[in-house]
Every structure is written in C-alpha cells, then in structure tokens.
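# Residue-level structure breakdown
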Amino acid sequence: MAINVMQVNLRNRIAGYYVFTTGILIAGIFLLLYYVIAQTMYAHLDEDLTTESTEVFKSIVVLSNQFVFANPYEWKEGEHKQVEVNPTFIQVVDTAGNFVRKSENLFSATLSGRKDLHSKVFYSTTLSNSSIRQLQMPIVSTENKILGYLLIAVPLSEVEILLHNLQILLVIVYPITLFLLFILSRFIAGKSISPVNKVISTAEHITKENLEERIELPQHKDELYRLTATINQLLDRLQDTVVREQQFTSDASHELRTPLTSIKGTLEVLIRKPRTAKQYAAKIAVVITEVNRLSHMVEQLLTLARYENHQIQKSFTRIHLPSLIQNVLNRMENEIEVSQMKIRFKNFASETVEADEYMTGVMIENIVANALKYSKQGSNLTFSTSKTTTEILCSISDKGLGISEEQLPYIFDRFYRTDESRTSSIPGTGLGLAIVKKFSDVQSLPITVESEIGIGTTFTIHFPKL
Ligand code: ADP
C-alpha cells in the first residue's frame with residue numbers, strides 16, 4: 001500500500017516537474033507572441049501614417065520662411081471630411097502650436113503635438129479620451145528652419161480591441177494548456193512507471209521460503225532492465241548466504257550431536273551395573289575427551305560467529321614476526337613436546353609486518369596445531385620467509401600426511417575434514433582452517449596452500465610490504 005502511494009506521488013511529481021518547466025516555456029512563447037503581434041500592428045499603422053503624410057506633403061509648398069497649401073480645394077474636399085469608421089485625422093500647426101489647418105473630421109477637437117521636435121516621430125496618445133496613434137513631422141523651410149508640424153493620427157481602438165482579445169485568449173488558453181499537459185504527462189509518467197509495479201510485486205512476495213524465484217527481466221535493455229538484473233543478483237547472493245547458513249546449522253548440529261551421543265552412550269553403559277573404580281575412571285576419561293571436544297568446537301563456533309557478524313573490529317599494529325611466532329610456540333609448548341616436533345627456521349628473515357596481532361597469532365596457531373596432528377612424531381616443522389615486490393610471505397611447512405589435489409579446495413570450508421582424517425583417530429572439528437580463512441579475509445591477508453600426499457603441506461600467509 002505504502003509503495004502504491006509512493007508510486008502515485010512519483011507520477012504526480014514527474015508530471016509536476018514537466019508542467020512547471022513547460023509552463024515557463026509556454027509563458028515565454030505567449031509573451032513573445034503577444035509582443036510580436038502588437039509590434040506588427042503598430043508597424044502597420046505607422047506605415048499607413050507615413051503613406052498618408054506623403055500624400056499630405058504633396059499639397060504643401062514650402063518656401064524660404066513659410067509654407068502654403070498648393071491645393072486647398074483637395075484638402076477641403078478630400079476624404080477626411082466625413083466621419084468614417086476608421087478616420088485619419090490631419091492637423092497642421094505652426095511652431096507656436098496654433099493650428100493652421102485641420103481635417104474636418106476633428107470637429108472642435110485638436111491633435112496635441114510635442115514641442116521642439118526635429119524629426120519625424122510616431123507615438124500613441126489620446127484624442128478626446130480615445131487612444132490614437134500619431135505621426136508628427138516637422139515642416140522644414142528651404143533654409144532648414146522648422147516652420148510648423150504636420151500631425152496625422154488614426155484611432156487605436158481596433159488595435160486595442162484586437163490586442164485585448166488576444167490577451168484574454170492567451171490568459172484562458174495558458175492554464176487550460178497546463179492542465180491538459182499535466183493530465184497527459186501524468187498518464188505518460190504512470191505508463192513509464194508501470195513496469196516497476198511488476199518488479200515490486202514480484203520482489204514483494206519473495207521470502208526466505210521461495211528465495212529461488214527471480215524477477216522476470218524486461219524486454220528492453222534499459223535502466224529498468226539493469227535494476228531488475230541487479231535485484232536478481234542480490235537475490236542470488238542472499239540465496240547463497242541463506243543456503244550456506246542452513247548448511248552450517250545442519251553441519252553444526254550434526255557435529256555437536258556426535259560427541260553428545262558418545263557421552264550419552266558411555267554414561268548409559270556405565271549406569272547399567274556397578275563397575276570397578278578402574279572401569280569408572282576409563283569411561284569418565286572417554287566422557288572428558290568428548291566434553292573437551294565439544295567445548296573446543298563450541299569455542300571455535302563462537303569465534304566464527306563473532307567475526308561473522310563483524311562485532312569485533314580488527315586493530316592493525318606493527319608485528320615483529322619472529323616474536324609473534326615464538327609466542328605461539330610458547331603457548332603450544334605442551335603439544336609440541338608430546339609430538340616431539342622439530343621446529344626449524346630456514347631462510348627466515350626477521351621481518352616486521354602490519355596485521356592484527358590476535359588474529360594472526362590464531363592463524364599461525366591453527367596451522368601449527370594441524371601440522372602437529374597430521375605429521376608423524378618427531379618430524380620437521382619449518383618456518384621461512386620470502387619477499388616479492390609487494391609482499392612479505394611467511395610459510396609454515398610440515399612433512400606430514402599431505403592433502404590430495406581433489407580435497408585441497410575444500411579444506412577451508414567449515415566442518416570439512418579430509419576422508420583420511422575423518423576415518424583416522426586424529427581428533428578434529430573441521431573448523432580450525434575455517435577460522436584461519438575467516439581471519440585471512442577480515443584482515444585481507446591472502447593465504448595459500450601447497451600440499452602433496454605423503455610429502456607434506458605448506459601454508460603461506462601473504463602480508464603486504466610496509
Ligand atoms: P581439523 O579440526 O579436522 O583439523 P581443520 O579445519 O583445521 O580441521 O582442517 C581441515 C582438514 O584439512 C583436516 O581435517 C585435514 O584433513 C586437512 N589438513 C589441514 N591441515 C593439514 C596438514 N597440515 N596436513 C594434512 N592435512 C591437513
């Protein structure tokens with residue numbers, strides 16, 4: 001529902017933006033249109049006035065310091081005698097403003113001119129409260145002296161009515177156009193958004209239970225196609241995570257059940273009848289081993305879970321590699337002693353690297369613990385370092401069982417144990433290397449492994465050069 005409201009808003013918003021910008025554009029066009037029409041009309045009137053002035057000037061004879069009318073009859077009897085629909089008013093005044101002659105259609109009214117004009121000018125003014133367009137022209141003597149003015153005017157009423165009508169038309173048409181544009185663009189926006197609905201409705205009903213469903217890709221490879229493809233990729237990743245989580249939960253339950261079943265079985269056997277103290281001690285020792293295994297596994301699971309949720313931040317410091325390795329070996333003193341492992345440092349430079357001390361310590365500890373478990377008693381465990389242009393490599397090699405090429409890609413998976421170690425009596429949870437991988441990822445310190453059955457295994461941690 002909320003999504004629908006959002007969609008309606010988006011649709012209105014798109015239409016609103018469109019109408020707003022188009023509105024400004026149309027207003028500009030209308031104003032320009034009005035201006036051009038008005039200017040054209042005035043230009044026409046001015047042209048008529050000029051033609052008329054040429055006619056009138058034909059009947060005026062200009063002398064050195066006066067002017068006379070050459071054809072008074074025509075002037076009197078001309079077309080300007082009657083009151084016409086579109087009359088032309090003509091008036092001639094001297095420099096003092098006293099009119100010398102005027103057309104009869106002016107009756108008692110007079111055209112008011114401007115003073116001190118030296119050239120021909122057009123302007124709008126009034127005559128008996130009505131607007132007129134007027135041309136004022138100086139009458140110049142042969143000695144270039146202004147003797148008087150010719151004033152010719154035509155009523156503006158027709159032009160005014162026309163422009164007024166045009167104004168009304170534009171003012172009415174403008175909002176109607178905008179309204180129609182809004183409706184139209186709202187419809188088009190709705191149409192363009194409608195494929196999003198399909199995406200939304202499919203995405204809405206995808207839950208954890210039907211995560212394998214995907215949104216159908218639209219036909220055209222446009223932004224919507226990319227959006228859909230991106231959502232589908234996101235679903236792929238989500239499904240992957242969920243499947244891995246489910247797998248993890250089922251593996252964890254399975255692995256936890258095994259020692260619990262063993263403990264239960266041992267205790268049930270023990271309780272059936274009274275035993276000797278020696279028998280009790282033996283059975284209790286079995287239970288303790290299983291409990292230790294359980295607690296170790298739970299500890300490893302907690303470590304993984306903590307770093308899975310990114311609850312713990314890494315803190316990078318400069319680490320002196322030999323000291324770190326020595327600390328790990330000191331912590332594992334007992335196990336090393338039991339296995340009689342010979343620790344060697346070969347081609348080992350006293351390097352300093354930048355990493356999280358705790359995580360790197362745990363990585364080395366888990367690798368060494370495996371070397372102890374999967375090697376014969378008294379064999380060699382060698383630490384070495386090397387450099388590339390960008391990295392400092394720290395390798396830990398054992399001369400143990402080795403891992404086959406087919407099983408090598410899986411050893412970092414949670415709960416993965418090679419067939420050999422699963423069937424052997426070597427204790428393990430399959431979580432040690434998963435923790436190593438997790439810490440390698442969290443710190444962005446790549447880890448590589450090389451191994452050969454019967455020859456041994458080498459784990460290498462890649463530290464960036466300082
Ligand atoms: P585990 O608790 O079984 O040792 P890990 O995650 O530490 O679990 O190791 C996964 C598997 O990888 C082991 O079960 C073992 O089969 C194999 N593996 C790890 N390290 C070595 C090694 N140094 N030599 C031989 N096999 C190894």
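Residues numbered from 1 in each chain as written. Predicted model: local features only at pLDDT ≥ 70, side-chain atom pairs only at ≥ 80, totals over all residues. Heavy atoms only, no water.

In this section: the domain arrangement of the chain. If you check the domain split of the chain, you get domain 1 (1-57 + 157-198), domain 2 (61-155), domain 3 (223-308) and domain 4 (316-464). The centre of domain 2, based on its C-alpha atoms, is set 115 Å off from the matching centre of domain 4. (Domains from an automatic or database assignment.)

If you check the shell around the ligand, you find 19 residues, and the closest are Tyr-374, Asp-398, Arg-417, Thr-418 and Ser-421. Within the side chain of Thr-418, one N or O atom sits 2.6 Å away from an oxygen atom of the ligand. Taking Gly-430, its main chain carries an N or O atom lying 3.0 Å from an oxygen atom of the ligand. Contact with the protein chains hides 98% of the accessible area of the ligand, taken as 530 Å² for the molecule alone. Here the ligand occupies the largest pocket. Only helix H8 (357-373), helix H10 (432-443) and strand E14 (456-464) provide two or more residues apiece to the shell around the ligand. Within the shell around the ligand, the residues separate by chemical class into 7 nonpolar, 9 polar and 3 charged. (Near = heavy atom within 4 Å. Polar contact = N/O pair within 3.5 Å; in protein donor to acceptor, adjacent residues only side chain to side chain. Areas by Shrake-Rupley, 256 points an atom, 1.4 Å probe, with all protein chains shown as cover. 1 Å grid on protein atoms, 1.4 Å probe; cavity = no way out; pocket = protein on both sides within 12 Å on 5 of 7 lines; lining within 4 Å. Sits in = over half its atoms within 2 Å of the grid points. Helix = DSSP H or I, 4+ residues; strand = E, 2+ residues; numbered from the N terminus. Nonpolar A, V, L, I, M, F, W, Y, C, P; charged D, E, K, R; others polar.)

Take Lys-346: it is sitting in the loop between strand E9 (342-345) and strand E10 (352-356). Measuring from C-alpha to C-alpha, the distance between Lys-346 and Thr-385 comes to 8.0 Å, with 39 residues separating the pair along the chain. The contact partners of Lys-346, leaving out residues within four places of it in the chain, are Thr-382, Phe-383, Ser-384 and Thr-385. (Contact = heavy atoms within 4.5 Å.)

A separate point is the sheet that holds strand E4 (residues 99-102). The pairing of strands in a sheet comes from backbone hydrogen bonds and takes either a parallel or an antiparallel form. Pairing is antiparallel in the open sheet, where 5 strands are placed in the order E4-E3-E7-E6-E5. The open sheet terminates on both sides in strands that have one partner only, identified here as E4 and strand E5 (121-127). Each strand of the sheet is rotated relative to its neighbour by a mean of 25°, with strand direction disregarded. Relative to strand E7 (residues 146-155), strand E3 (residues 89-94) runs antiparallel, the two sharing 6 bridges. Bridge assignment links Val-93 to a residue of E7, and that residue is Tyr-149. (Pairing = 2+ DSSP bridges. Axes fitted to C-alpha atoms, helices over the stretch in contact; angles between N-to-C directions.)

The next thing to look at is a nonpolar patch on the surface. Residues Ile-168, Ile-172, Ile-176, Phe-179, Leu-180 and Ile-183 make up a contiguous nonpolar surface patch of roughly 580 Å² in combined accessible area. By the secondary structure assignment, Ile-183 is in helix H3 (residues 157-204). Taking relative accessible area as the criterion, Ile-183 reaches 44% and is therefore assigned partly exposed. (Patch = residues over 30% accessible without salt bridge, like charges linked within 9 Å, V, L, I, M, F, W, Y side chains within 5 Å. Salt bridge = Lys/Arg side-chain N within 4 Å of Asp/Glu carboxyl O. Buried < 20%, exposed > 50% of the residue type's maximum accessible area, 1.4 Å probe, protein only.)

This brings us to the side chain of Thr-202. Secondary-structure assignment places Thr-202 in helix H3. When its relative accessible area of 16% is taken as the criterion, Thr-202 is described as buried. Here the side chain of Thr-202 touches Lys-198 through a polar contact of 2.7 Å, landing on its backbone oxygen.

In this section: the sheet that holds E9. Strand order in the open sheet formed by 5 strands is E9-E11-E12-E14-E13, and the pairing between neighbours is mixed. Only two strands of the sheet have a single partner each, and these edge strands are E9 and strand E13 (447-452). The mean inter-strand angle of the sheet, taken between neighbouring strand axes irrespective of direction, is 15°. The pairing of strand E11 (residues 380-387) with strand E12 (residues 391-398) spans 7 bridges and is antiparallel. Residue pairing in the sheet places Ser-386 in a bridge with Leu-393 of E12.

Attention now moves to H8. Between its first and last C-alpha, H8 extends 24 Å over 17 residues, near the 24 Å set by a 1.5 Å rise per residue. Buried residues dominate H8, accounting for 12 of its 17 residues. Two or three places before Tyr-358, at the opening of H8, Asp-356 has a side-chain oxygen 3.0 Å from that residue's backbone nitrogen. (Expected span 1.5 Å × (residues − 1).)

The volume enclosed by the largest pocket comes to roughly 1,200 Å³. Surrounding the largest pocket, 46 residues form its lining, His-296, Ala-369, Asn-370, Lys-373 and Pro-427 being those nearest its centre. Counting only elements with at least two residues in the lining of the largest pocket, the list comes to helix H5 (277-308), helix H7 (333-339), H8, helix H9 (419-423), H10 and E14. In the lining of the largest pocket, the residues fall into 16 nonpolar, 20 polar and 10 charged. Among the domains, domain 3 (223-308) and domain 4 (316-464) are the pair contributing at least three residues each to the lining of the largest pocket. The calculated volume of the second largest pocket comes to roughly 350 Å³. Mapped onto the lining of the second largest pocket, the elements with two or more residues apiece are helix H4 (223-272), H5 and H10. (Points joined across faces, edges and corners; volume = space filled by probe spheres on them.)

Of all the 10 residues making up E7, 9 are buried; the element is thus mostly covered by neighbouring parts of the structure. Relative to E7, strand E6 (residues 130-140) is paired through 9 bridges, and the arrangement is antiparallel. By the bridge assignment, Gln-134 is partnered in E7 with Ala-153. In this structure, the hairpin formed by E6 and E7 is closed by a connection of 5 residues, where Asn-144 is found at a positive phi of approximately 65°.

With that settled, consider the nonpolar core. Formed by 48 residues in total, the largest nonpolar core has its most connected members in Ile-364, Val-368 and Phe-463. Ranked by residue count, the leading element in this core is H8, at 8 residues. The two domains that each donate at least three residues to this core are domain 3 (223-308) and domain 4 (316-464). Setting aside residues up to four positions removed in sequence, Phe-463 forms contacts with Leu-321, Val-353, Ala-355, Thr-360, Thr-390, Glu-391, Ile-392, Cys-394 and Leu-445. Val-56, Ile-139, Leu-150 and Val-154 belong to the second largest nonpolar core, which has 20 residues in total. (Core = buried A, V, L, I, M, F, W, Y, C linked by side-chain atoms within 4.5 Å.)

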